[in-house]
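Each chain is listed here by its residues.
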Amino acid sequence: MTKHKALGADTTTARQLFFEKGQNPAGLVPEVIARSWQRCAQRLDNSQTSPPLRIDSNQLNERREKMARLRDVAQPEMDALAELVSDSDSLVLLANDEGLILDAAGGLNFLRKAQQVYLQPGVHWTEPDRGTNAIGTALIEKNPVLVQGGQHFLDANTILSCAAAPIISPQGELLGVLDVSGDSEHMHRQALGMVRLAIQIIEHRLSSSNAAPGSLLRFHHRQDLLGTHREGILILDDNKVVGANRIALQLLDADWQRLIGSNAGQWLQLPSYKESISSQGMKSPRGQIFHSKINHRQTLQVATNSPKAASKDQHYFDATTSDLLHKARRVLDAGIPVLIQGETGVGKEVFARRLHASSQRQSGAFVAVNCAALPETLIESELFGYTSGAFTGAQRSGMPGRVREADGGILFLDEIGDMPLNLQARLLRVLQERQVTPLGGGQPITVDFALLCATNRDLPMLVDKGEFRADLYYRIQDFTLQLPPLREREDCKQIIEEMMRMLGGSEKELTFSESAVAALVNYDWPGNLRQVTSTLRTLIVLSDPKQTIDLSQLPGEIQKPRINTRTDKTDLKQLTRQAIEKALSENGNNVSATARQLGIHRSTLYRQMANYNDQT
C-alpha cells in the first residue's frame, strides 16, 4: 500500500477504509473528495495504470480554435500564475468544458513527472477518465477544488497536488477549468487562492469584452473598486440583463436563472436606459451600490463616469506619457499609423488601449494581436481569416480573421518585430490596398481600420539585417514614440503605492516598512510595470491582513543592494545585457525561467542573446 506522506495519517487511513474495506471515509478527507471517490468507484479501479487516450495534434488544434476567445483571455493570467509558482515545480493548465487539457505553462522541472501520469495537452482529465482530480472534480462540482496527494483516486496520481476552479461565462455556462498542478511534496501553499484570483480576473475580462449588443453596467458597494476585477458587471440589452459576472451575482444575492432575461431595474433602481447616468448612490437589496455605465463598443475603456475607475491605469501615465498620448491621438485621428516602442513591461498595450479609448474610433473594436505569441503556422489564418475547408482542422464555417474584426476600429499588432517575413508582405499589401483575402480564396474584402504597432526591438537594425521589410517599416513608422522604462521615471514610489491599492493591498490594509519601500524604489525593475504587477500580486496573496511587509519578505533580487539606474547614464543596451546575464546566472542558465523572471517571451530572450554574440 502506498504511503501518502503529503497529507499524513488521515489520508492513508481514509484510503485503507475506502479501497480495502469499502467503508465511508467521511471525516478523514474533505466531503468533496469523499463524494468524488464514491462516483469514481462505480467505474474505475484505483490501481489501474492503463494510459488514457490522447487526441492527435490536428484534433487538439481544432479544439483550441473553438476555445480561441477563452484562451486569449486566460493567457495573461496563465503566464502570471506560471511566474508565481515557478519555484514550486508546478504546471499551469487550461482545460475546456470536457476536461481536455488545451494549454500548459511553466514548470519545466516538473514536466517530466507530469508526463508520467499523462498530465499534458491533448488528454482528458475528467473523473471518468482519470478519477478524482482537481480538473475533473471542479467540472462536476462547479466549484474550486483542491486535491492533494493521496486524495486522488488513482494510485498513480497521488504524486500530484492540484488546485483548480471552473471558468463561467457571463451567461452562466461552464467554459473550462484553470488548474495549478505540482509535486505533492512541494505544492505552492497558496495555489488555490491564486487560482481563485486568476479566475476572477478572467471572468471580469470575459464580461468586459463581451460582444453582445447592449451596454455594461459596472457597480459595487465601494466606489474605489469600480474598474477593478472586484466590481460587479451586468451586460444589458436595453434594460434587459443578458449577462453578468459572478461578483454581480454575489452583490445582488441572485443567480443566473433569475437574473438573465430580467429587467435591470428590479435589481438596481436605474433611470431609463436611454438617459445619461453618472456615478451615484442607488438602492439595492444589499444596500447602496455605486455604478457607472458605458456603451458596449467601449468596453475596453475604463468606465468613463467613475473618477476612481477612470484612473485605474493612471499609474502608466506621467506628464511625459500623457503628452505622448495627446500627440498620438491627433496623429491617429488623421489616419496616420502609430508605432509604440519601449522595453518589455512598460505598458505599450495599456497605452494603445487608452489611445483607442480617446480616439475618434473609440466606438469601434480594439483588436489586439501578439505576433510573438502566435505559432507561425497559425498567425496567417489568425490575421487574415480563412474559408470553409481551407486546411485540415479548419472550422466548417471559416473564420473572418483579426484584420476584418478590426473594421471600423483599431488593429493593434504587438511585437510586430517578430512577424515572419512572408506575412509582412501580406500585411503590407493589406495596408496598401485596404482589402483582405482569406486563406482558401474568395473575393477580397474591403476593410477600414487604424493601425497601431508596438515592439521592444530595434526595427531599423532588423531592416539592415534583412529580418524586417524596409517597405513595411516605412509604412508603419510615420509617428514613432518611445515609452520610458520605469527606472527613468521619477514617480516610482507613487506608482508602487497606486498599483498596490489597485491590486487589493489597501483592502487587506497592507503596508510596507521603510526599508522595503527603499528597496522597491531603488530596484531596477528590468520587467518594468509588468514585473511590478507580478511582484505586488504575489506579496498581496502571501500576506496576512493588516500586515507590514518588511524587506526580508521581498523577492531576493529586490533585497540585494543595487546601483540606482535612475541616475546612472550607462548605455541602455549594456544595462539590458547586464540584467539578462544576471538573471541567467540566478536561474542556472535556464532560459525559460529567466524569460519568466524578466517578463519577456523566450524567443525575445534568445534574440537578445544572439545580438550580444553578434557584437562580441
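A brief report on the enclosed structure follows. All values reported here derive from a predicted model rather than from experimental measurement.

Points about the overall build of the chain
So, point 1. Per the secondary structure count, the chain includes 25 helices and 19 strands.
So, point 2. A separation threshold of at least 6 residues defines the contact pool for the chain, and within that pool the share at least 24 residues apart is 65%.
So, point 3. Surface summary for the chain: the accessible area is close to 26800 Å², and the carbon and sulfur share equals 46%.

A look at the side chain of D414
So, point 1. By the secondary structure assignment, D414 is in strand β13 (residues 410–414).
So, point 2. For the buried D414, which has no salt bridge, the nearest side chain bearing the opposite charge is K348, at an N-O separation of 5.4 Å.
So, point 3. When residues no more than four places from it in sequence are discounted, the contact partners of D414 are K348, E349, V369, N370, C371, A372 and A454.

Structural notes on the sheet that holds strand β5 (residues 174–183)
So, point 1. Strand order in the open sheet formed by five strands is β2-β1-β5-β4-β3, and the pairing between neighbours is antiparallel. Every interior strand has two partners, whereas the edge strands, β2 (101–105) and β3 (145–148), have only one. The average undirected angle you get between the axes of adjacent strands in this sheet is 20°.
So, point 2. Relative to β5, strand β4 (residues 160–168) runs antiparallel, the two being bridged by nine bridges. Note on β5: the bridge partner recorded for S161 is G182.

Details of the packing of aromatic side chains
So, point 1. Using the criterion set out here, one finds seven aromatic pairs in the structure.
So, point 2. Following the ring pairs from residue to residue traces out a cluster consisting of F18, F19, W37 and F153.
So, point 3. Just above the ring of W125 sits the side chain of R130; from NZ or CZ to the centre is 4.9 Å.
So, point 4. Across the ring face of F449, the terminal group of R434 is positioned such that the distance to the ring centre comes to 4.7 Å.

Regarding the pattern of salt bridges
So, point 1. The full count for this structure, using the stated rule, is 28 salt bridges.
So, point 2. The shortest N-O distance in the salt bridge between E203 and R246 comes to 2.5 Å. In this pair, E203 is assigned in helix α8 (residues 191–208) and R246 in helix α9 (residues 246–252), connecting sequence segments 43 residues apart.
So, point 3. E203 sits in the buried class, given a relative accessible area of 5%.
So, point 4. Bridged by salt links that share partners, the residues E31, R35, R39, E127 and E141 form one connected network.

Regarding the environment of Q494
So, point 1. Relative to the elements of secondary structure, Q494 occurs in helix α19 (residues 492–502).
So, point 2. Spatially, the C-alpha atoms of Q494 and V521 are 9.5 Å apart, while their sequence positions differ by 27 residues.

Quick look at the nonpolar core
So, point 1. In this structure, L119, W125, F219, L234, L252 and L259 are the most contacted members of the largest nonpolar core, which totals 50 residues.
So, point 2. Residue contacts for W125: discarding those within four places in its chain leaves G99, I101, V117, Y118, L119, R130, N133, I135, G136, N157 and L160.
So, point 3. Core analysis: the next-biggest nonpolar cluster, separate from the first, contains 32 residues, L60, L178, V180 and L192 among them.

As for the packing of α19 against helix α20 (residues 514–522)
Two measures define how a pair of helices packs: the angle their axes make with one another and the distance between the axes.
So, point 1. Contact pair α19 / α20: the axes reach a minimum separation of 9 Å and the direction vectors enclose 115°. The orientation of α19 relative to α20 falls into the category roughly perpendicular. Regarding α19 and α20, the two cross each other, and that crossing is right-handed. Contacts from C492, K493 and I496 of α19 reach α20 at V517, L520 and V521.
So, point 2. In terms of residue class, the contact of α19 with α20 is built from five nonpolar, no polar and one charged.

Some remarks on the pairing of strand β11 (residues 338–341)
So, point 1. On β11, burial covers both faces: V338 and I340 on one face and L339 and Q341 on the other are all buried.
So, point 2. For β11 and strand β16 (residues 450–455), the ladder comprises four bridges, and the chain directions are parallel. Among the inter-strand pairings, Q341 is bridged to a residue of β16, identified as T455.
So, point 3. Where β11 and strand β17 (residues 479–482) come together, four bridges link them in parallel fashion. Across the sheet, Q341 pairs through a bridge with Q482, a residue of β17.

Concerning the environment of E83
So, point 1. On the secondary structure map, E83 appears in helix α4 (residues 68–84).
So, point 2. In sequence terms E83 and A595 are 512 residues apart; their C-alpha atoms lie 9.8 Å from each other.

Details of unusual backbone geometry
So, point 1. Positioned with a positive phi, K142 is a non-glycine residue whose angle comes to about 55°.
So, point 2. Within the secondary structure layout, K142 lies in the loop between α7 (134–141) and β3.
So, point 3. Of note in this structure, N528 is not a glycine but carries a positive phi near 55°.
So, point 4. As for its position among the elements, N528 is in helix α21 (residues 528–542).
So, point 5. Overall, the relative accessible area of 0% leaves N528 in the buried class.

Some remarks on the environment of E98
So, point 1. Looking at the secondary structure, you find E98 in the loop between β1 (90–96) and β2.
So, point 2. Residues E98 and V177, 79 residues apart in the sequence, show an inter-C-alpha distance of 9.4 Å.
So, point 3. In contact with E98, not counting residues within four places along its chain, are R63, H124, T126 and L139.

Notes on the sheet that holds β11
In sheet architecture, strand pairing relies on hydrogen bonds along the backbone and comes in two forms, parallel and antiparallel.
So, point 1. Read from one edge of the open sheet, five strands run β12-β13-β16-β11-β17, paired in parallel fashion. Each having just a single partner strand, β12 (366–370) and β17 make up the two edges of the open sheet. Ignoring strand direction, the axes of neighbouring strands in this sheet form an average angle of 20°.

Structural notes on α7
So, point 1. Among the eight residues that make up α7, seven are buried, leaving the element largely enclosed by the rest of the structure.
So, point 2. When α7 is considered as a whole, its buried residues turn out to be A134, I135, G136, T137, A138, L139 and E141.
So, point 3. One or two steps after α7, the chain reaches K142, where phi turns positive at roughly 55°.

Points about helix α3 (residues 57–66)
So, point 1. Listed in full, the buried residues belonging to α3 are L60, R64 and E65. Axial view of α3: buried residues confined to an arc of 140°, hence all on one face.
So, point 2. The backbone nitrogen of N58 lies 3.2 Å from a side-chain oxygen of the residue at the head of α3, namely D56.

Some points on the packing of α19 against α21
So, point 1. Running from N to C, α19 and α21 cross one another at 50°; their axes reach a closest spacing of 10 Å. When the axes of α19 and α21 are compared, the pair comes out oblique. Of the two possible hands of crossing, α19 and α21 adopt the one that is right-handed. The segment α19 lies against α21, with I495, I496, M499 and M500 engaging L529, V532, T533, L536 and I540.
So, point 2. Its residues placed into classes, the contact of α19 with α21 shows eight nonpolar, one polar and no charged.

Thresholds, definitions, all that
- Residues numbered from 1 in each chain as written.
- Predicted model: local features only at pLDDT ≥ 70, side-chain atom pairs only at ≥ 80, totals over all residues.
- Heavy atoms only, no water.
- Helix = DSSP H or I, 4+ residues; strand = E, 2+ residues; numbered from the N terminus.
- Contact = heavy atoms within 4.5 Å.
- Areas by Shrake-Rupley, 256 points an atom, 1.4 Å probe, with all protein chains shown as cover.
- Buried < 20%, exposed > 50% of the residue type's maximum accessible area, 1.4 Å probe, protein only.
- Lys, Arg positive; Asp, Glu negative; His and termini not counted.
- Salt bridge = Lys/Arg side-chain N within 4 Å of Asp/Glu carboxyl O.
- Pairing = 2+ DSSP bridges.
- Axes fitted to C-alpha atoms, helices over the stretch in contact; angles between N-to-C directions.
- Phe/Tyr/Trp six-rings, centres within 6.5 Å; stacked < 30°, edge-to-face > 60°.
- Lys NZ or Arg CZ within 6 Å of the ring centre and 35° of its normal.
- Core = buried A, V, L, I, M, F, W, Y, C linked by side-chain atoms within 4.5 Å.
- Parallel < 35°, antiparallel > 145°, perpendicular 65-115°, else oblique.
- Left-handed = near helix turned anticlockwise from the far one by under 90°.
- Nonpolar A, V, L, I, M, F, W, Y, C, P; charged D, E, K, R; others polar.
- Arc of directions from axis to C-beta.
- Polar contact = N/O pair within 3.5 Å; in protein donor to acceptor, adjacent residues only side chain to side chain.

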